[in-house]
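Structural description and commentary
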Amino acid sequence: ATRALHNNANDISPLQIFVRAKKKINDIFVEIEDYVSETTRFVEGDVPISGDIIDKAETEQFKSYVLKVSGIREVLSRDHMKVAFFGRTSNGKSSVINAMLRDKILPSGIGHTTNCFCQVEGIDGQEAYLVKEGSDEKLNVTSIKQLANALCQEKLCESSLVRIFWPRERCSLLRDDVVFVDSPGVDVSPNLDDWIDNHCLNADVFVLVLNSESTMTLAEKSFFHEVSTRLSKPNIFILNNRWDASASEPEFQESVKAQHQERCTDFLIKELKVSTPKEAEERVFFVSARETLQARLKEQEGLPAIQGALAEGFQNRYFEFQDFERKFEECISQSAVRTKFAQHSSRGKSIANEMRQMLDGIYERANVMHNQKLDQKKKLTDRIANTEQQLMLVTREMKMKIHNMVEEVEQKVAKALNE
Ligand code: GTP
Ligand code: MG
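Residues numbered from 1 in each chain as written. Chains lettered and ligands numbered in written order. Predicted model: local features only at pLDDT ≥ 70, side-chain atom pairs only at ≥ 80, totals over all residues. Heavy atoms only, no water.

Strand order in the open sheet formed by nine strands is E4-E3-E5-E2-E6-E1-E7-E8-E9, with mixed pairing between adjacent strands. Each edge of the open sheet carries a strand with a single partner, namely strand E4 (139-140) and strand E9 (284-286). For strand E3 (residues 129-132) and E4, the ladder comprises two bridges, and the chain directions are antiparallel. In the sheet register, Tyr129 faces E4, and the bridge partner there is Asn140. Strand contacts of helix H8 (residues 192-200): strand E1 (81-86), strand E2 (117-123), strand E5 (161-167) and strand E7 (205-211), with the helix running at about 155° to E1, the strand carrying the most contacts. (Pairing = 2+ DSSP bridges. Helix = DSSP H or I, 4+ residues; strand = E, 2+ residues; numbered from the N terminus. Contact = heavy atoms within 4.5 Å. Axes fitted to C-alpha atoms, helices over the stretch in contact; angles between N-to-C directions.)

Structure follows, in structure tokens:
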């Protein structure tokens, strides 16, 4: 059953909600970009008389839309789904990330291991590398040991960030634009304000990793209290990790589980007020990160997952970890679409509206000008007609006069001849 579940990679991942939305909104902005550039070329003087109708300020305004739209496309291309992990030292934050990434990427171990923020994100290509805060230098990452050394070597500030770029193709979550943020233990002199300002404000999901052998601590609680005062309704998952330990005390397993479950859901519902009771049911899990990672590494070697088991009850814990991942994927993709793309789509709409209003104005002025010219033309033709008529009258009068004169002369001549 476990193998079948694992192989369900063919199933469409909920992360595709985000991936597809991103593609769609990008396609729309490509269209807007074409439209904006075309309009700008037009107002800049493709049409000979445009200078009479469109003033300089308007031309500048159109040019600024070109920049705005390409700016939005740029941000959009960098948009991703971000998940941040918090919890006390040694609870297994780094292990949970490794289990999700199906590889030993982040250093994990007993004692205080992660000493600054570590962000894992996907890159195209084969070579993993890391970049320290405040530097552009790409440092090679060849092994986990070397990565751990690189992270320890310099005394990094605990709230500074090391970015680890890992080949996308090695992990489906990275391929689908999920970015992982690992943190030092919240019990290690956290500078809460810095941590939240620098690493939490744009996170779509938070995962609180607890140690199910003990209980949620005050440090963990206060950190999330602070987070939820700064962000409106953060999405928080709680993992009761090291649940493999419960196998050694089967007689207490159910009661301990019930106790943890109640404390965790109360924390989300009553204390933080970030979840409804129904939501909270889907946010608390009992897992073993170390075991899940081991099982996945075995599977990659073509061996049965159970060879990674640490204790009795492996199947349930493995299943629960996969269940967590599914709920997590649904939550993060929906949340990221809402928070990131809603903003782009409203900016896109307002740019389209402003352009439309300006073009309407230009059309209006062109129309007025057209009518004025028609009017002038009419006046001119009226005047010509009038002149023609007068000319005709004059001519007719002249003709009459000449006629009369000729007649008079004829009469005079006849009279003279008669005499
Ligand atoms: P810091 O980085 O020091 O804050 O710790 P962390 O929360 O990242 O914990 P880490 O992943 O380094 O795990 C600490 C130790 O616990 C490691 O030796 C892990 O192998 C072990 N460990 C992690 N998860 C589990 C688990 O589910 N079961 C058991 N038995 N051990 C675990
Ligand atoms: Mg760690």
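This part covers the coordination of the magnesium ion (ligand 2). Those protein atoms acting as donors to the magnesium ion (ligand 2) are Ser94 (OG) and Thr114 (OG1), and they sit at 2.0 to 2.1 Å. Residue Ser94 is found in helix H5 (residues 93-101), and its partner Thr114 is found in the loop between H5 and E2; the two are separated by 20 residues along the sequence. Across this residue pair, the class does not change: Ser94 and Thr114 are buried. (Donors = N, O, S within 2.8 Å, 3.2 Å for Na, K, Ca; no water. Buried < 20%, exposed > 50% of the residue type's maximum accessible area, 1.4 Å probe, protein only.)

This part covers a nonpolar patch on the surface. Together, Val394, Met398, Ile402 and Val406 make up a nonpolar patch on the protein surface, roughly 360 Å² of accessible area in all. The class for Val394 is partly exposed, based on a relative accessible area of 47%. (Patch = residues over 30% accessible without salt bridge, like charges linked within 9 Å, V, L, I, M, F, W, Y side chains within 5 Å. Areas by Shrake-Rupley, 256 points an atom, 1.4 Å probe, with all protein chains shown as cover. Salt bridge = Lys/Arg side-chain N within 4 Å of Asp/Glu carboxyl O.)

Another point: the site of ligand 1. Taken together, 23 residues form the shell around ligand 1, and within it Lys93, Ser95, Thr113, Thr114 and Arg242 come nearest. At 2.7 Å from an oxygen atom of ligand 1 is found a side-chain nitrogen or oxygen belonging to Lys93. Within the side chain of Thr114, an N or O atom sits 2.6 Å from an oxygen atom of ligand 1. For the shell around ligand 1, the secondary-structure elements that each account for two or more residues are H5 and helix H12 (289-300). When residues in the shell around ligand 1 are grouped by element, the largest group, three residues, is from H5. (Near = heavy atom within 4 Å. Polar contact = N/O pair within 3.5 Å; in protein donor to acceptor, adjacent residues only side chain to side chain.)

Along the chain, Asp323 turns up in helix H13 (residues 314-418). You can call Asp323 partly exposed: its relative accessible area is 25%. Distance from Asp323 to Leu67, taken between C-alpha atoms, is 44 Å for residues 256 residues apart in sequence.

Of all six residues that make up strand E8 (residues 236-241), six are buried, and the element is covered over most of its length. Burial along E8 is two-sided: Ile236, Ile238 and Asn240 and Phe237, Leu239 and Asn241, pointing in opposite directions, are all buried. Relative to E8, E7 runs parallel, the two being bridged by six bridges. Note that in E8 the partner of Leu208 across the bridge is Ile238. Crossover handedness for the path E7 to helix H9 (residues 218-230) to E8: right-handed. Bridge count between E8 and E9: three bridges; the pairing is parallel. Paired with Ile238 across the two strands is Val284, which belongs to E9. (Right-handed = clockwise from strand over helix to strand, strands pointing away.)

Another point: the pairing of E1. The side chains of a regular strand alternate, residue by residue, between the two faces of the sheet. Burial within E1 is extensive, with six of its six residues counted as buried. Here E1 shows a buried face lined by Met81, Val83 and Phe85 and a second buried face lined by Lys82, Ala84 and Phe86. In this sheet, strand E6 (residues 178-182) lies alongside E1 in parallel orientation, the contact comprising four bridges. What sits directly across from Ala84, in E6, is Val181. Looking at chain direction, E1 and E7 are connected through four bridges and run parallel. Counterpart to Phe85 in the pairing with E7 is Val207.

Attention now goes to the confidence of the model for the chain. Of all residues in the chain, 93% attain a pLDDT of 70 or more, and the chain-wide mean is 88. Model confidence for the complex: the whole-complex pTM is 0.83, and ipTM, which rates the interface, is 0.99. (pLDDT = per-residue confidence, 0-100.)

We now examine the packing of aromatic side chains. The final tally for this structure, using the stated rule, is 21 aromatic pairs. Consider the rings of Phe237 and Phe328, whose centres lie 6.4 Å apart with planes at 70°: the pair is edge-to-face. Here the residue Phe237 occupies a position in strand E8, and Phe328 occupies one in helix H13, the gap between them amounting to 91 residues. Side by side, Phe237 and Phe328 carry an identical accessibility label, which is buried. One aromatic cluster is present, formed by Phe86, Phe117, Trp195, Phe206, Phe223 and Phe224 through successive ring pairs. (Phe/Tyr/Trp six-rings, centres within 6.5 Å; stacked < 30°, edge-to-face > 60°.)

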